Amino acid sequence: MTDQQDLAIRARGLVRRFGDLTAVAGIDLDVRRGTIFAVLGPNGAGKTTLLRMLATLTAADAGTATVMGHDITTAPHKVRASIAMTGQFASLDEDLTGRDNLVMLARLWGFRSGAARARADELLAAFDLSAAARKQVKNYSGGMRRRLDIAASLIVTPGVLFLDEPTTGLDPSARQGVWHLIRQLAGAGVTILLTTQYLEEADQLAERIAVIDHGRKIAEGTSRELKAATGSGFLHVSLADPGQCDAAAALLMQHLGGSVQRSPEGAELSVLAGSATAANAALAALIEAGFDLTDFRMGAPSLDEVFFALTGGPDRAKDGKRNTTEAMT
Ligand SMILES: Nc1ncnc2c1ncn2[C@@H]1O[C@H](COP(=O)(O)OP(=O)(O)O)[C@@H](O)[C@H]1O
Ligand SMILES: [Mg+2]
């Protein structure tokens, strides 16, 4: 078991309701100091609400939590002194330059003017924003803006940094830049709790991942553990003609049972096969039926497939069907 001293965040049974809606329905979380922890879930899963409770911006209706050893209910000031948060709605002044924003925030933290300017310049350099320091924030690109956002939360190095969907809406290269930054911060000893809708982001960055849906944690583990728990024998099949996907999926389902997942582009199908023998028989049936296969392989599921298996896939909102692996938590 993890030593409590070793935990930056420890939450038990956190609940938050909004009227009839239970946004967070009893979540436990243990985040070790100095690690990157991802809360992964679709829109509306309760990610932001969970973060806001831990950051003492929203009160919990039930449950307890400590952040850097301080209780969120009885010692919120101590919690606030040990964290920083950036969110989808950060408070930068669009009309000020990037540098002036940082200088102003440093002054608010109690830096004298010379020290505030020095800290601003240090952060601008660290975040590769020196060249844009004297531009108004409204003229920043999405990636620059997000980097400034994170810089603004690091005027004073926090014990825990909360990042709410740090790369949502960024293009792939700006996303890489933010990932690099997050890794550097973790390397410097900052504990990072981030939320994301992107499976790849959690996979790339986080030591541990909690998957949440409808306010509940439905799985937790390392990326590798989550994949292993879903099953290692995934059969992936690519078809030359995406128009044949329905028919091929039906045949795979007939042979292997379970639900067949389709890639967003449509031409790749994947399904849990259980054994190589079963996969082989299903492949033979596809070929015999005349499907033109461009690729097939057997392997671990992607994190996308894990998520699909846990939540019942993209259709779950319509039919409420789930095939959760509750045993994983
Ligand atoms: N202030 C609020 N008032 C009413 N409902 C809210 C409020 N904040 C969030 N919700 C609802 O709670 C649920 C979880 O929201 P949120 O925590 O923002 O999810 P996520 O960040 O995972 O997208 C959603 O159904 C959302 O509409
Ligand atoms: Mg959110």
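What you are looking at is a predicted structure, and each value in this text was computed from that prediction instead of being measured.

**Details of the domain arrangement of the protein chain**
Logical step 1: Annotation of the protein chain at the domain level lists domain 1 (1–82 + 161–224), domain 2 (93–157) and domain 3 (232–299).
Logical step 2: For domain 2 and domain 3, the distance between their C-alpha centres works out to 51 Å.

**Observations regarding the site of ligand 1**
Logical step 1: Contacts to ligand 1 come from Phe 18, Leu 21, Ala 23, Pro 42, Asn 43, Gly 44, Ala 45, Gly 46, Lys 47, Thr 48 and Thr 49.
Logical step 2: The contact in question runs from an oxygen atom of ligand 1 to an N or O atom on the backbone of Gly 44, over 2.7 Å.
Logical step 3: For ligand 1, the protein covers 58% of the area, taking 560 Å² as the surface of the free molecule.
Logical step 4: Mapped onto the shell around ligand 1, the elements with two or more residues apiece are strand S2 (21–32) and helix H1 (47–54).
Logical step 5: Across the shell around ligand 1, the residue classes tally to five nonpolar, five polar and one charged.

**Focus: the packing of helix H8 (residues 223–230) against helix H11 (residues 303–311)**
In a packed pair of helices, the relevant descriptors are the angle between the two axes and the axis-to-axis distance.
Logical step 1: Here H8 crosses H11 at 55°, and the two axes come no closer than 9 Å. By the angle class used here, H8 and H11 are oblique. The handedness of the crossing between H8 and H11 comes out as left-handed. Two secondary-structure elements touch here, H8 through Ser 223, Leu 226, Lys 227 and Thr 230 and H11 through Leu 303, Glu 305, Val 306 and Ala 309.
Logical step 2: Taken together, the residues that form the contact of H8 with H11 break down as four nonpolar, two polar and two charged.

**Points about the sheet that holds strand S6 (residues 83–86)**
Logical step 1: Taken in spatial order, the six strands make up an open sheet running S6-S7-S8-S3-S9-S10, and their pairing is mixed. The sheet is open, and its two edges are formed by S6 and strand S10 (216–221), each paired on a single side. Ignoring strand direction, the axes of neighbouring strands in this sheet form an average angle of 15°.
Logical step 2: In the sheet, strand S9 (residues 208–213) pairs with S10 via five bridges, with the strands oriented antiparallel. Bridged to Ala 210 within S10 is Glu 220.
Logical step 3: Strand contacts of H8: S9 and S10, with the helix running at about 105° to S10, the strand carrying the most contacts.
Logical step 4: Here H11 sits on the sheet in contact with S9 and S10, set at roughly 40° to S9.

**Considerations on the sheet that holds strand S4 (residues 62–67)**
Strand pairing in a sheet relies on backbone hydrogen bonds. The paired strands run either parallel or antiparallel.
Logical step 1: Taken in spatial order, the four strands line up as S2-S1-S4-S5 in an open sheet, and their pairing is antiparallel. Looking at the sheet topology across the chains shown, the edges are occupied by S2 and strand S5 (70–71).
Logical step 2: Two elements, strand S1 (residues 7–18) and S2, share nine bridges in a ladder whose sense is antiparallel. If you follow Ala 11 over to S2, its bridge partner there is Leu 29.
Logical step 3: Sitting on the sheet, H1 is in contact with S1, S2 and S4, with an inclination near 120° to S1.

**Points about the pattern of salt bridges**
Logical step 1: Per the stated rule, a full pass over the model turns up 14 salt bridges.
Logical step 2: Between Glu 122 and Arg 119 there is a salt bridge, and its shortest N-O distance comes to 2.4 Å. Taken together, the positions of Glu 122 and Arg 119, both in helix H4 (residues 113–126) and three residues apart, correspond to about one turn of that helix.
Logical step 3: Assessed through its relative accessible area of 16%, Arg 119 is described here as buried.
Logical step 4: Taking the shortest distance from any N to any O, the salt bridge between Lys 227 and Asp 203 comes out at 3.2 Å. One end of the pair, Lys 227, is in helix H8; the other, Asp 203, is in helix H7 (residues 199–205), and 24 residues separate them in sequence.
Logical step 5: Each of Arg 208, Lys 217, Glu 220 and Glu 225 takes part in salt bridges that share partners, so that together they form one network.

**Topic: unusual backbone geometry**
Logical step 1: Residue Thr 56 is not a glycine yet carries a positive backbone phi of 65°.
Logical step 2: Locating Thr 56 in the fold gives a position in the loop between H1 and S4.
Logical step 3: At Asp 128, a position not held by glycine, the phi torsion is positive, near 60°.
Logical step 4: You can call Asp 128 exposed: its relative accessible area is 63%.

Here is what the cut-offs are and how they apply
Residues numbered from 1 in each chain as written. Chains lettered and ligands numbered in written order. Predicted model: local features only at pLDDT ≥ 70, side-chain atom pairs only at ≥ 80, totals over all residues. Heavy atoms only, no water. Domains from an automatic or database assignment. Near = heavy atom within 4 Å. Polar contact = N/O pair within 3.5 Å; in protein donor to acceptor, adjacent residues only side chain to side chain. Areas by Shrake-Rupley, 256 points an atom, 1.4 Å probe, with all protein chains shown as cover. Helix = DSSP H or I, 4+ residues; strand = E, 2+ residues; numbered from the N terminus. Nonpolar A, V, L, I, M, F, W, Y, C, P; charged D, E, K, R; others polar. Axes fitted to C-alpha atoms, helices over the stretch in contact; angles between N-to-C directions. Parallel < 35°, antiparallel > 145°, perpendicular 65-115°, else oblique. Left-handed = near helix turned anticlockwise from the far one by under 90°. Contact = heavy atoms within 4.5 Å. Pairing = 2+ DSSP bridges. Salt bridge = Lys/Arg side-chain N within 4 Å of Asp/Glu carboxyl O. Buried < 20%, exposed > 50% of the residue type's maximum accessible area, 1.4 Å probe, protein only.

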